[in-house]
Amino acid sequence: MSWIILLSCAALSAPELYSLHTETNVWDVAVSDLNQNGFKDILVLCSDETAVPLNKSVCIFLADTEGAYPDKPSLRLPLPEEMGALFLAEVDGTPPIELVAVSGSKAWVYQFGPSGFKLLKNPACPSLYPTRSREPVFIKGGAVDLDGDGIDEWLIPVEEGVQIRTLYEEHAVVTCDVVSEMRSSESIHIIHRLPDIQTFTLDHTPVKGLAFLSDEYADFAFGKNWTEHRRFHLPLNLEEKWDASAVLKDINGDQFPDLIITQTRGTVRMHAETHVYIAQEPFVYPDEPDAVFSCKGAVSSPVVIDVNSDGNLDLVFIRIPFGVSNVMNYFVRGKVAAHAEVYLFEDSKFSDKADYKTTMTVDAPEGRSRVAYVFGDFDGDGQLDVAYGTGAKTLSVYTGDPTRFLSAKPWHKFDIPGYGNAHAVNLDNRGSEDILIFRPGSDLSKRVDILVFQDES
C-alpha cells in the first residue's frame, strides 16, 4: 500500500513557491480574481504604522496566465489615512468584485479596471469600525449576498447591532448583542466586542437568515427585511476562574448552525471542557449537550473542520500540555509538543473516544511571532492535511492519512520561516488548496510567501 501512496504523491507536480515583497509593512492579505483570467490575484494590505501621516495602501499582485506571481506589486492603491478596515463586496452584480474601505463615518468603494482600482463612491457610512487604525485588516464576512440577486449586502456594526445595506440602499438594522466597554487609566480605551456572524437558510424563505454569536447570546434574524428575531442564551458555567468561548457552525449539514462552547478554568492546573449542542430544529437546542470533551493540564480548543470530506464538520483538538517534559523541551531545545485528537461526526453523533491521535513537535515562538499552522487539502485527495512550522526556517506539510489522521513523515518541506499567519486558499480553482503566509510585526513584515500546490485534476 505504501508504494501506491508514494507513486500517487510523485505524480503530483512540485509545489511552486513565490515570495512577494512590499515597501511597507504587511498587516493582512485577501485574494480575488481581479483580471478574470481564472487565477486568484493577491491583495496585500500595507501600513507604515510609524509614518505621519499614516501611509496605507493595497498592493496588488496579479497572477499571469500561467498562475505565476511577480515578486513586486503589479499595482498599488493608496488608501485614505482615516480608513480602518477593508472588505470585498460585489456592488453592481458584474465581476470583478469591488474593494470597500471603511472608517467610523464613511466608506470608500473602489472598482477594478484596466488601469487598476478607481474610486467609485464615497458614501457616508456611520459604524463602529475604527478610524485611523495603524494596523488595518480585511474583514472576513464583511459582505455577503443574502437574497441571491448577485449583489452583496454589507454587514455594518452599529450601536444597536448590525446594519444591513448595499452601496445605494439601507435594508434594515438588526438588534443583537454588541458589547462596548471602556478602560480608563492614563488614557481612555474604548473596546467593542462585535458578534461573530453566520448565515443560515430556512425552507419557507429564499432570503438567508443571520446568526449573531456574542459572549452570552446567539441572536437569529430572518424573514422579510430580517424583522423576525429569536434569542438563545448560551449555557455557560461562568464560575470563578472560568473563561469561555463559543462557535456557531453547521456540523450536520442541515443548513442551520450548531453550537460549540469551550470553557477553561485555572492556569497551571488547567481544566478545559467543550460542549456540543446540535440544533434539534431551527432555533431549538437541547438542554443537555450532545457531546462533552474534557481535558486536564493543557490548552485545549477545537478546530471545527471537515476532516474526511463527508460533508459533516469534525472536531480537531490541538492540546499543548503544561507537563514537565514540555517545559524542559521549551527551555532546552526551544521545542513544544502538541497533541492532536480528532473526533469524527458520523452517524449523527461524535464517538466517545478519539478516532485519531497524533503528536506534533513545533518550534516555540518568540516575541510577537506565532508558529505558522493551517489545515487544508493541499494534495487534492479529499483528506485534510496540515502545514506547520517545524523549525525557525522550515515549514512542513503532512498529508492526511485515513488510518492515523496525518502521515508520519512530511510530504514536503519548504525553506521558509515557519512562523506567521497562514491561510489556506484555492488560487487556481483546482482540487488542491494553496497556502499564504505573512508575518505582521516581525522582521519579515514586508514579505508574503505563497505555496501553490498542483494536482492532476
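Refer to the preceding data block for the structure.
Residues numbered from 1 in each chain as written. Predicted model: local features only at pLDDT ≥ 70, side-chain atom pairs only at ≥ 80, totals over all residues. Heavy atoms only, no water.

Enquirer: Would you explain the overall build of the protein in this entry?
Expert: Summing up its helical and strand segments, the protein has 2 helices and 39 strands in all. By the burial criterion, 49% of the 457 residues in the protein qualify as buried. Residue pairs at least 24 apart in sequence account for 45% of intrachain contacts in the protein once pairs closer than 6 positions are excluded. (Helix = DSSP H or I, 4+ residues; strand = E, 2+ residues; numbered from the N terminus. Buried < 20%, exposed > 50% of the residue type's maximum accessible area, 1.4 Å probe, protein only. Contact = heavy atoms within 4.5 Å.)

Enquirer: Help me understand the pairing of strand 2 (residues 26-32), please; the structure alone is not making it clear to me.
Expert: Looking down a regular strand, the side chains alternate between one sheet face and the other. Taking burial as the measure, the 7 residues of strand 2 include 6 buried ones, the bulk of the element. Of the pairings in the sheet, the one linking strand 2 to strand 3 (residues 41-48) comprises 6 bridges and is antiparallel in character. By the bridge assignment, Asp28 is partnered in strand 3 with Leu45. (Pairing = 2+ DSSP bridges.)

Enquirer: Even after reading the chapter, I still don't get the packing of aromatic side chains, so can you show me in this structure?
Expert: Think of a pair of aromatic rings as described by two things: how far the centres are apart, and how the planes are tilted against each other in angle. For the structure on display, the rule yields 22 aromatic pairs. Taken together, a centroid distance of 5.1 Å and an interplanar angle of 70 degrees make the contact between Phe112 and Phe117 edge-to-face. By the burial criterion, Phe112 is buried, and Phe117 matches it. Pairing Phe200 with Phe283 gives two aromatic rings, centres 6.0 Å apart and planes at 85 degrees, and the pair type is edge-to-face. (Phe/Tyr/Trp six-rings, centres within 6.5 Å; stacked < 30°, edge-to-face > 60°.)

Enquirer: Can you help me understand the sheet that holds strand 13 (residues 161-165) in this one?
Expert: Backbone hydrogen bonds are what pair the strands of a sheet, in a parallel or an antiparallel way. If you trace the 4 strands from one edge of the open sheet to the other, you get 11-12-13-14, paired in antiparallel fashion. In this open sheet, the two edge strands, each paired with only one partner strand, are strand 11 (143-144) and strand 14 (170-175). Examined bridge by bridge, strand 11 and strand 12 (residues 153-157) share 2 bridges and lie antiparallel to one another. Following the sheet pairing, Val144 is matched in strand 12 by Glu153.

Enquirer: Help me understand the sheet that holds strand 31 (residues 373-376), please; the structure alone is not making it clear to me.
Expert: Strands sit in the order 31-32-33-36 across an open sheet of 4 strands; the sheet is antiparallel. One side of each edge strand has no neighbouring strand; the edge strands of this open sheet are strand 31 and strand 36 (412-414). Ignoring strand direction, the axes of neighbouring strands in this sheet form an average angle of 20 degrees. Across 4 bridges, the pairing between strand 31 and strand 32 (residues 385-391) is antiparallel. (Axes fitted to C-alpha atoms, helices over the stretch in contact; angles between N-to-C directions.)

Enquirer: Looking at this structure, I do not really get the environment of Val397. What am I missing?
Expert: Relative to the elements of secondary structure, Val397 occurs in strand 33 (residues 394-398). Judged by its relative accessible area of 0%, Val397 is buried. Each C-alpha atom, one on Val397 and one on Tyr373, is 9.5 Å from the other, the two residues being 24 residues apart in sequence. Sequence-distant contacts of Val397, that is, excluding residues within four places in its chain, are made with Phe378, Val386, Ala387, Pro410, Trp411, His412, Phe414 and Phe453.

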